[in-house]
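Survey of secondary and tertiary structure
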Amino acid sequence: MFCSFTAKEGNRVQSASEYPLTTGPSLADQAYTALRKSITDGVFVPGQRLTERALATLLGVSPTPVREAISRLEHERLLHRDGRALTVAAPTVEQLRELVYVEAALRGVAARIAAVRASDRELAEIAALHTQAQSVQNEGRTVEYIATDTLTLTRQFHAKIDETAGNPMLIDMIATAKAFDWSIRLRAATTLGSRYPAQAGHRDHQEILEALQERDADRAERLARADAIRGGERFLAFAEQETSTTT
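We now turn to the structure provided with this report. (Residues numbered from 1 in each chain as written. Predicted model: local features only at pLDDT ≥ 70, side-chain atom pairs only at ≥ 80, totals over all residues. Heavy atoms only, no water.)

**Details of the side chain of E122**
- Following the sequence through the fold, E122 ends up in helix α5 (residues 120–134).
- Buried and without a salt bridge, E122 has R121 as its closest oppositely charged side chain, separated by 4.4 Å.
- When neighbours within four sequence positions are excluded, E122 is seen to be in contact with R117 and T164. (Helix = DSSP H or I, 4+ residues; strand = E, 2+ residues; numbered from the N terminus. Buried < 20%, exposed > 50% of the residue type's maximum accessible area, 1.4 Å probe, protein only. Lys, Arg positive; Asp, Glu negative; His and termini not counted. Salt bridge = Lys/Arg side-chain N within 4 Å of Asp/Glu carboxyl O. Contact = heavy atoms within 4.5 Å.)

**Considering the packing of helix α1 (residues 27–40) against helix α3 (residues 63–75)**
- Packing of α1 against α3 leaves a shortest axis separation of 8 Å and a crossing angle of 50°. Judged on the interaxial angle alone, α3 and α1 are oblique. Regarding α1 and α3, the two cross each other, and that crossing is right-handed. Contacts between α1 and α3 pair L27, A28, D29, A31, Y32, L35, R36 and I39 from the former with P65, E68, A69, R72 and L73 from the latter. (Axes fitted to C-alpha atoms, helices over the stretch in contact; angles between N-to-C directions. Parallel < 35°, antiparallel > 145°, perpendicular 65-115°, else oblique. Left-handed = near helix turned anticlockwise from the far one by under 90°.)

**With respect to the packing of α5 against helix α6 (residues 143–165)**
- For the pair α5 and α6, the least separation of the axes is 8 Å and the interaxial angle reads 165°. What the angle tells us is that α5 and α6 run roughly antiparallel. Where α5 crosses over α6, the handedness of that crossing is left-handed. Residue-level contacts link E122, E125, I126, L129, H130, Q132 and A133 of α5 to T150, L153, T154, Q156, F157, K160, I161 and T164 of α6.
- Broken down by class, the residue content of the contact of α5 with α6 amounts to six nonpolar, six polar and three charged. (Nonpolar A, V, L, I, M, F, W, Y, C, P; charged D, E, K, R; others polar.)

**Focus: helix α9 (residues 198–213)**
- Over its 16 residues, α9 extends 23 Å from the first C-alpha to the last, a length consistent with the 22 Å expected when each residue adds 1.5 Å.
- What α9 keeps buried is the set G201, H202, D204, H205, I208, L209, A211 and L212.
- Where α9 ends, the next residue or the one after it, R215, has phi of about 60°, a positive value. (Expected span 1.5 Å × (residues − 1).)

**What to know about the nonpolar core**
- Ranked by size, the top nonpolar core spans 33 residues in total, and within it I39, F44, L55, L79 and F180 carry the most contacts.
- Of all the elements in the fold, those that place two or more residues in this core are α1, α2 (52–59), α3, β5 (85–88), α4 (93–117), α8 (182–192) and α10 (217–246).
- For this core, the element with the highest residue contribution is α1, accounting for five residues.
- For L79, the contacting residues outside a window of four places in its chain are I39, L50, I70, L73, E74, L86, T87, V88 and A89.
- In this structure, A111, A115, L123 and L209 belong to the second largest nonpolar core, which totals 22 residues. (Core = buried A, V, L, I, M, F, W, Y, C linked by side-chain atoms within 4.5 Å.)

Okay, structure coming up:
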């Protein structure tokens with residue numbers, strides 16, 4: 001019997017029902033957005049089997065809009081169909097590496113545009129997120145909570161830069177490129193604990209912030225691209241280690 005799809009982030013349980021749909025003329029678009037977000041946020045995990053009927057029940061709509069949403073997600077390679085079986089795509093480590101370089105190129109473009117377009121208010125919001133990420137409370141908290149908060153804030157830092165670029169298509173492309181990295185990054189940060197190189201990431205983000213504040217588009221693009229590659233290689237090294245221990 002179907003109840004709900006959930007996934008843990010730290011000790012917090014996420015559910016796709018956090019993305020309720022409203023009645024309106026574009027239920028297929030709403031279903032697509034909700035399901036896509038559930039994949040990119042790690043609510044649906046790689047390899048998880050889904051059914052059209054269960055998803056329709058989850059979202060409270062008929063199968064028709066869900067069927068249309070599934071078709072779009074298959075086209076984006078976020079869902080995979082093998083005969084009648086529908087699963088969340090489960091990319092290999094090598095495929096994840098390719099996606100890291102795609103994401104790096106796109107984030108570089110977003111930073112370049114943001115350096116030109118960002119308002120003073122938007123720059124202040126980006127700076128505030130960076131400060132919050134550096135100031136996550138460690139004392140008396142589990143490694144899992146610390147890792148979740150730190151990674152969430154750094155994702156918000158990057159997302160705000162992407163948003164400031166003001167290009168919805170670019171934002172969607174970045175979301176697709178990084179669709180499967182959340183759970184691996186979280187496991188890496190939790191497993192490594194104090195050995196996880198969070199400070200290196202903070203230094204990179206400080207340099208990106210300064211380039212944005214100085215309206216230096218070339219430098220912002222270069223730094224954002226390099227930061228995405230370095231961060232990606234860190235979690236890929238962990239993914240490779242996981243793969244080697246399970247084969």
